[in-house]
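# A closer look at the structure
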Amino acid sequence: MAWDFETDPEYQKKLDWVAEFVKAEVEPLDLLYPNPYDRADPEIRALMKPLQAKVKEQGLWACHLGPELGGPGYGQLKLALLNEVIGTSIWAPLVFGCQAPDSGNAEILAHFGTPEQKAKYLQPLLDGEIGSCYVMTEPTGGSDPTSFKTLAVRDGDDWVINGEKWFNSAAANAAFHIVMVVTDPEAEPHKRLSMFIVPAGTPGLEIVKNFTVPGFSEHEGHLRFTDVRVPADHLLGAEGLGFIVAQTRLGGGRVHHAMRTVAMVRKAFDMMCERAVSRPMRKGVLGGFQMTQEKIAESWIEMEQFRLLVLRTAWRIDKEQDYRKVRHDIAAIKVAMPKVMHDIAQRAMHLHGAIGVSTDLPFVDMMNYAQVMAIADGPTEVHKITLAKEVLKTYAPGDPVYPSGYRPGLREKARELVARRLENTVGNL
């Protein structure tokens, strides 16, 4: 029987190095450069490259990738432990080569890209030389692909794309976009869509607007496609397999969001506890009051429950090697994530008083980040439905009138059992 809550000592040494490195050398940059995704900025490149070199020296570059793609091939459990350290920093994912949306796009290219596509787009992406954008959601379709309207029509050796896409992360700094569009409106819903690589600067591709999302990003793009022409060899995977291609990145993406949220929750909790033992109140400190103690106790329990659920989900992914078998676990952490983040950040904000609601402290951003996590990669409501359906599949129906816990029926069965045992006992005397 294997049941262990300890981290391998050798890996713990690496995590200790990461924690010190992120705190001392990476987090300070968050305060000065809130958008590290602009690889064309010479200052950002000058600061980023030496940090990435140090990470590579430690063998911690792009840990989600296998050796064939230049990474160590960490499983999800190791990634969870790593991400709950680097998740405190905006810069850290890029420094460690595991930033969204590039990490998920790299997985798509690795699984479905042709040799030519990999050479042109995947390798520079893995090297950190370029950025990418994942283009899926639409203004009126949200995250439901069956309602998408952006259409690609075959025209000789090209596909011509028309439509609009909505809130596409890192669009402004992307060298290319991976775009989900309808290619066969008459097909069944899950076979209507295909995925294309669309290089930035392609005629007809327009960034209408970049939305600013406090606490998350400043580069959520509204994209418009007007007769955007891409060669047929820019189709990613087979025609009609857009759903399958998308699931390659979405399952892992949801888990990685949760992993990094653990770090954010821990940061809010630590600040709350520091405040509790620092702030003088009457004849003691804020932490001496029972209402404060209740907030801290509830927060610690919720934080540890969430962290263990994330780690267990990561462990199950490693064990099953099939996201479909862990679908309900992933849905569960997706549902839990925004609530835990919001509740603990709100308590921390409240204990900091007036300064807590200002932008001089991170709590307002954390609370908005919680709402982003309730929407990104599928809204909470959808994942609740998924979780309930997956759980109910494991149960068989019973009597519609007298449930299995009906005591009179159970009592009668118990009497029969006891009678048989007594009969056997008396017969053996």
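For every chain, the first residue of its written sequence is number 1, and the numbers climb from 1 along that sequence. With the structure being a predicted model, the display of local features is reserved for residues of pLDDT at least 70 and the display and counting of side-chain atom pairs for 80 or more, all residues being used for whole-chain, interface and lining totals. Each side-chain value is derived from all of the structure's non-hydrogen atoms; neither hydrogens nor water enter the calculation.

As named in an unreviewed UniProt entry, the chain is Acyl-CoA dehydrogenase, taken from Nocardia uniformis. UniProt positions are given in the numbering used here, feature names are shortened, and annotations may be inferred rather than shown by experiment. The Sequence similarities (unreviewed entry) comment attached to the chain in UniProt states, word for word, "Belongs to the acyl-CoA dehydrogenase family." Taken directly from UniProt, the Catalytic activity (unreviewed entry) text for the chain runs: "a 2,3-saturated acyl-CoA + A = a 2,3-dehydroacyl-CoA + AH2".

This paragraph deals with the environment of Ser-169. Secondary structure elements are taken from DSSP: a helix is a run of H or I of four residues or more, a strand is a run of E of two residues or more, and numbering for both begins at the N terminus. Checked against the element boundaries, Ser-169 lands in strand β3 (residues 158-169). For each residue, the accessible area found with a 1.4 Å probe, counting protein chains only, is set against the maximum for its type, and the residue is called buried under 20%, exposed over 50%, and partly exposed in between. Exposure remark for Ser-169: the relative accessible area of 25% places this residue in the partly exposed category. In this structure, the C-alpha to C-alpha distance between Ser-169 and Asn-210, residues 41 residues apart in sequence, is 9.3 Å. We call two residues contacting when some pair of their heavy atoms lies within 4.5 Å. Residues within four places of Ser-169 in sequence aside, it is in contact with Pro-101, Ser-132, Cys-133, Tyr-134, Phe-216, His-219 and Glu-220.

Attention shifts here to the packing of helix α9 (residues 327-351) against helix α11 (residues 380-392). Lines fitted to the C-alpha atoms define the axes, with helices restricted to the stretch that makes contact. Angles between their N-to-C directions range from 0 to 180 degrees. Between α9 and α11, whose axes approach to 8 Å, the crossing angle comes to 145 degrees. The chirality of how α9 crosses α11 is left-handed. Touching Arg-327, His-328, Ala-331, Ala-332, Lys-334, Val-335 and Pro-338 of α9 are Thr-380, His-383, Lys-384, Thr-386, Leu-387 and Glu-390, all from α11. Of the residues contributing to the contact of α9 with α11, the split by class is five nonpolar, four polar and four charged. If you view the pair so one helix is near and one far, a crossing is left-handed when the near helix is turned anticlockwise from the far one by less than a right angle, and right-handed when it is turned clockwise. Nonpolar residues are Ala, Val, Leu, Ile, Met, Phe, Trp, Tyr, Cys and Pro. Charged residues are Asp, Glu, Lys and Arg, and all others, Gly as well, are polar.

This part covers the packing of aromatic side chains. The criterion for an aromatic pair is that two Phe, Tyr or Trp rings (for Trp, the six-membered ring) have centres within 6.5 Å, with stacked assigned to planes under 30 degrees apart, edge-to-face to planes over 60 apart and tilted to the rest. All chains considered together, the criterion is met by ten aromatic pairs. Their ring planes at 65 degrees and their centres at 6.0 Å tell us that Tyr-33 and Trp-91 sit as a pair that is edge-to-face. You can see Tyr-33 sitting in the loop between α1 (9-30) and α2 (42-57) and its partner Trp-91 sitting in the loop between α3 (76-86) and α4 (92-95), a full 58 residues away along the chain. An aromatic cluster is built from Trp-17, Phe-21 and Phe-96, whose rings are joined through pairwise contacts. In our convention, an over-ring charge means Lys NZ or Arg CZ found within 6 Å of a ring centre and within 35 degrees of that ring's normal. Above the plane of the ring of Tyr-11 lies Lys-78, whose end atom (NZ or CZ) is 4.9 Å from the centre. Over the ring of Phe-211 we find Lys-209, and its NZ or CZ is 5.2 Å from the ring centre.

Further remarks concern the pairing of strand β2 (residues 151-155). Two faces make up the sheet, and in a regular strand the side chains alternate between them. By the bridge criterion, five bridges tie β2 to β3 in an arrangement that is antiparallel. Counterpart to Ala-152 in the pairing with β3 is Ile-161. Counting the residues that bridge the hairpin from β2 to β3 gives two residues, and of these Gly-156 lies at a positive phi of roughly 65 degrees. Only strands joined by at least two bridges in the DSSP assignment are considered to pair.

To qualify as a nonpolar core, a set must consist of buried Ala, Val, Leu, Ile, Met, Phe, Trp, Tyr and Cys residues joined through side-chain atoms within 4.5 Å. Counting 92 residues, the largest nonpolar core has Val-95, Phe-96 and Leu-109 as its most contacted members. Ranked by the residues each element gives to this core, the list is headed by helix α7 (residues 242-278), at 14 residues. Judged by nonpolar contacts, the second largest core, of 17 residues, contains Cys-133, Trp-159, Ile-161 and Phe-196.

What follows covers unusual backbone geometry. For the bond from Ala-100 to Pro-101, the omega torsion is 0 degrees, close enough to zero to count as cis. Within the secondary structure, Pro-101 sits in the loop between α4 and α5 (102-112). A positive phi angle is found at Phe-167, which is not glycine, with a value near 55 degrees. Despite not being glycine, Asp-227 has its phi angle at roughly 50 degrees, a positive value.

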